[in-house]
Amino acid sequence: MTRFSPGEQVRVRDDYPPGHIRTPVYLRGKTGEVDRYFGEFANAEIAAYGLPGPRKGVYKVRFRAIDLWSDYAGPARDVIEADIYEHWLEKTA
Amino acid sequence: MTDHDHHDHDHHDHEHAHAPPQPDDKVHSYYQILGIALKELLIEKGVVSADEVRRQIEHRDSITPANGSLVVAKAWADPAFRQRLLADGNAAVAELGFHMTTTKLVAVENKPDEHNVVVCTLCSCYPRDLLGLPPSWYKSRAYRARVVREPRAVLAEFGTHIADDVALRVHDSTADMRFLVVPMRPAGTEAMSEAELAALVTRDSMIGVSLPDQPGH
C-alpha cells in the first residue's frame with residue numbers, strides 16, 4: 001500500500017535539514033503531481049554515510065515549469081520531473 | 001608576405017619562458033587529491049588491488065553509447081520489445097546482453113506531442129551501465145542549472161528547436177532511476193535494418209538534447 005497514488009497532488013516539504021539530501025532545493029515547498037511509484041530504495045540520506053536504515057518509497061513527481069519559475073518563458077505544458085523519497089512528500093489536502 | 005613567413009625565420013623574436021603544456025600537466029583539486037589518496041590507501045591496505053582498479057576503469061571505458069543505440073533501434077523495429085523496454089528497462093536491455101548493476105533503467109519515449117530530456121541537477125547521474133561515461137557538458141553546472149530553468153533555450157543551443165505545441169519533459173535524475181530517451185523513429189527508415197537504424201541513434205538523442213540523425217546524412 002503506497003501513501004500516494006498516480007495523479008495525486010503532493011507538496012514537497014519546505015525543509016532545509018543538513019546532510020546529504022537528494023531533494024533538490026528548487027523543488028522544496030513546490031506542488032506537483034505523482035506520475036508513478038518506483039518502489040522502495042535505500043535512503044540516500046543515510047546510505048551516503050554508510051549507515052543502515054529502512055528503505056524508502058520513491059515517486060516520480062511532475063511539476064509544471066510555470067509553477068517552479070514565475071518568469072518561465074516556455075509553454076504552460078512544459079514539465080520538470082524528479083524522483084522524490086516518500087518522506088519528502090506531503091498531501092496538499 | 002611578412003617577415004614571419006620566411007622559411008629561415010629563427011624564432012629568436014619569441015621568448016618562450018615555459019615549456020609547452022603537456023597533457024598530464026595539471027593541478028589537482030582538493031577532491032581529486034582526496035580521491036587519489038583514498039585509492040592509494042585502499043590498495044596499500046589490500047582492500048582492492050591496483051589491477052582491479054585498472055580493470056574497472058578499462059571496463060567503464062569499454063561501455064559506449066552504441067549499446068544504447070542498439071536498444072533504441074530494436075525498440076523502433078520491434079513493438080513488443082518497445083513495450084518491454086518501457087515496462088522494465090533493466091530486463092529489456094538484459095535481453096541484448098546489457099546489465100544495469102545498481103540502478104533502474106527507465107525508458108521515456110518521445111512522441112509527436114512530447115519531447116524528453118535528461119539531467120542530474122545534483123551531480124552527474126547518467127545510465128553509465130548502458131551508455132558509458134557522460135559527456136563533460138552533461139556534468140557542467142551550466143547545463144545542470146539551466147536545463148530545468150530554461151530547457152528550450154538550452155536545447156536551441158544544441159541546435160534542437162522544439163515546437164511550442166510539443167510538451168517538454170525534463171527528467172531530473174535525483175534517486176536510483178536512470179533515464180534513457182527513446183527518440184522518434186525518423187521518417188523514411190521503414191526499409192532499414194536494426195543495424196542501419198542503430199547508426200542513426202546518437203548519444204545526444206538518447207539524452208534528449210538532440211534528435212536522431214536522418215537517413216542519408
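Residues numbered from 1 in each chain as written. Chains lettered and ligands numbered in written order. Predicted model: local features only at pLDDT ≥ 70, side-chain atom pairs only at ≥ 80, totals over all residues. Heavy atoms only, no water.

**Digging into the overall build of chain B**
So, step 1. Across its full length, chain B carries eleven helices and four strands.
So, step 2. Looking at the 217 residues of chain B, the share that counts as buried comes to 39%.
So, step 3. Here the contacts in chain B between residues at least 6 apart in sequence split such that 64% fall between residues at least 24 apart.
So, step 4. Total accessible area computed for chain B in this model is approximately 12500 Å², and 55% of it derives from carbon and sulfur atoms. (Helix = DSSP H or I, 4+ residues; strand = E, 2+ residues; numbered from the N terminus. Buried < 20%, exposed > 50% of the residue type's maximum accessible area, 1.4 Å probe, protein only. Contact = heavy atoms within 4.5 Å. Areas by Shrake-Rupley, 256 points an atom, 1.4 Å probe, with all protein chains shown as cover.)

**As for the pattern of salt bridges**
So, step 1. Using the criterion set out here, one finds 24 salt bridges over all chains in the structure.
So, step 2. Arg-169 of chain B is the salt-bridge partner of Asp-35 of chain A, the closest N and O atoms lying 4.0 Å from each other. With Asp-35 of chain A in strand β2 (residues 31-41) and Arg-169 of chain B in strand β3 (residues 167-172), this residue pair bridges two chains.
So, step 3. Arg-169 of chain B sits in the buried class, given a relative accessible area of 12%.
So, step 4. Residues joined by salt bridges that share partners form a network here, namely Asp-35, Arg-36, Lys-60, Arg-62 and Glu-81 of chain A together with Glu-114 and Arg-169 of chain B. (Salt bridge = Lys/Arg side-chain N within 4 Å of Asp/Glu carboxyl O.)

**Looking at the environment of Tyr-85 of chain A**
So, step 1. Inspection of the secondary structure puts Tyr-85 of chain A in strand β4 (residues 79-85).
So, step 2. Among the residues examined, Tyr-85 of chain A registers a relative accessible area of 1% and is labelled buried.
So, step 3. Along the sequence, Tyr-85 of chain A and Phe-41 of chain A sit 44 residues apart, while their C-alpha atoms lie 8.7 Å from each other.
So, step 4. With near-sequence residues (within four places) excluded, Tyr-85 of chain A lies in contact with Arg-22, Ala-42, Asn-43, Ala-44, Lys-56, Gly-57 and Val-58 of chain A together with Ala-175 of chain B.

**With respect to the confidence of the model for chain B**
So, step 1. For chain B, per-residue confidence averages 92 on the pLDDT scale, and residues scoring 70 or more make up 90% of the total.
So, step 2. Residue range residues 1-11 of chain B is modelled with pLDDT below 50. Its contacts to residues more than four positions away, or to other chains, number five contacts. (pLDDT = per-residue confidence, 0-100.)

**Some points on the interface of chain B and chain A**
Interface extent is often summarised as the accessible area lost during association of the parts.
So, step 1. Taken together, the 27 residues of chain B in the interface contact 23 residues of chain A.
So, step 2. Of the roughly 2100 Å² buried where chain B meets chain A, counting both sides, 52% is carbon and sulfur surface.
So, step 3. Contact with chain A buries surface across chain B, with Arg-149, Arg-169 and Thr-174 of chain B losing the most and accounting together for 25% of the total.
So, step 4. Across the chain B-chain A interface, the total number found is 14 residue pairs in polar contact (both at pLDDT 80 or more).
So, step 5. Elements with a contribution of two residues or more to the side of chain B that touches chain A: β1 (104-109), α9 (151-157), β3 and β4 (177-182) of chain B. (Buried area = accessible area lost by both parts, 1.4 Å probe. Polar contact = N/O pair within 3.5 Å; in protein donor to acceptor, adjacent residues only side chain to side chain.)

**Let's talk about the sheet that holds strand β2 (residues 114-119) of chain B**
So, step 1. Across the sheet, which stays open at both edges, the seven strands sit in the order β5(A)-β1(A)-β2(A)-β3(A)-β4(A)-β3(B)-β2(B) with mixed pairing between neighbours. The open sheet terminates on both sides in strands that have one partner only, identified here as β5 (89-91) of chain A together with β2 of chain B. Neighbouring strand axes in the sheet, compared pairwise and without regard to direction, differ in orientation by 35 degrees on average. (Pairing = 2+ DSSP bridges. Axes fitted to C-alpha atoms, helices over the stretch in contact; angles between N-to-C directions.)

**Overview of the environment of Val-147 of chain B**
Residue and element names in this part refer to chain B.
So, step 1. Its place among the elements puts Val-147 in the loop between α8 (141-146) and α9.
So, step 2. Taking the C-alpha atoms as reference points, Val-147 and Val-118, separated by 29 residues in sequence, lie 8.7 Å from one another.
So, step 3. Setting aside its immediate chain neighbours within four residues, Val-147 contacts Val-117, Val-119, Val-154 and Val-170.

**Thoughts on the nonpolar core**
So, step 1. In this structure, Leu-85, Leu-130 and Tyr-143 of chain B are the most contacted members of the largest nonpolar core, which totals 69 residues.
So, step 2. Sequence-distant contacts of Tyr-143 of chain B, that is, excluding residues within four places in its chain, are made with Val-117, Val-118, Val-119, Trp-137, Tyr-138, Val-154, Phe-158, Ile-207 and Val-209 of chain B. (Core = buried A, V, L, I, M, F, W, Y, C linked by side-chain atoms within 4.5 Å.)

**A closer look at the packing of aromatic side chains**
So, step 1. On inspection of all chains with the given rule, the structure shows ten aromatic pairs over all chains.
So, step 2. Considering the side-chain rings of Tyr-37 of chain A and Tyr-59 of chain A, the 4.9 Å spacing of their centres and the 50 degrees angle between planes classify their relative orientation as tilted. Residue Tyr-37 of chain A is found in strand β2, and its partner Tyr-59 of chain A is found in strand β3 (residues 56-64); the two are separated by 22 residues along the sequence.
So, step 3. Looking at Tyr-37 of chain A, the relative accessible area reads 32%, which means it is partly exposed.
So, step 4. Their ring planes at 35 degrees and their centres at 5.8 Å tell us that Tyr-138 of chain B and Tyr-143 of chain B sit as a pair that is tilted.
So, step 5. Residue Tyr-138 of chain B is classed as buried on the basis of its relative accessible area of 0%.
So, step 6. An aromatic cluster is defined as three or more aromatic residues linked by ring pairs; in this entry it consists of Tyr-126, Trp-137, Tyr-138, Tyr-143 and Phe-158 of chain B.
So, step 7. When the ring centre of Trp-88 of chain A is taken as reference, the NZ or CZ atom of Arg-13 of chain A above it lies at 4.1 Å.
So, step 8. In this arrangement the basic side chain of Lys-74 of chain B is found over the ring face of Phe-81 of chain B, its NZ or CZ atom lying 5.5 Å from the centre. (Phe/Tyr/Trp six-rings, centres within 6.5 Å; stacked < 30°, edge-to-face > 60°. Lys NZ or Arg CZ within 6 Å of the ring centre and 35° of its normal.)

**With respect to the side chain of Asp-78 of chain A**
So, step 1. Here Asp-78 of chain A lies in the loop between α2 (65-68) and β4.
So, step 2. Taking the relative accessible area as the measure of exposure, Asp-78 of chain A reaches 1% and is therefore buried.
So, step 3. At a separation of 2.7 Å, a polar atom in the side chain of Asp-78 of chain A contacts the side chain of Tyr-72 of chain A.
So, step 4. Those residues within four positions of Asp-78 of chain A in sequence are excluded, and the remaining contacts are Phe-63, Arg-64, Ala-65 and Tyr-72 of chain A together with Arg-152, Val-166, Ala-167 and Leu-168 of chain B.

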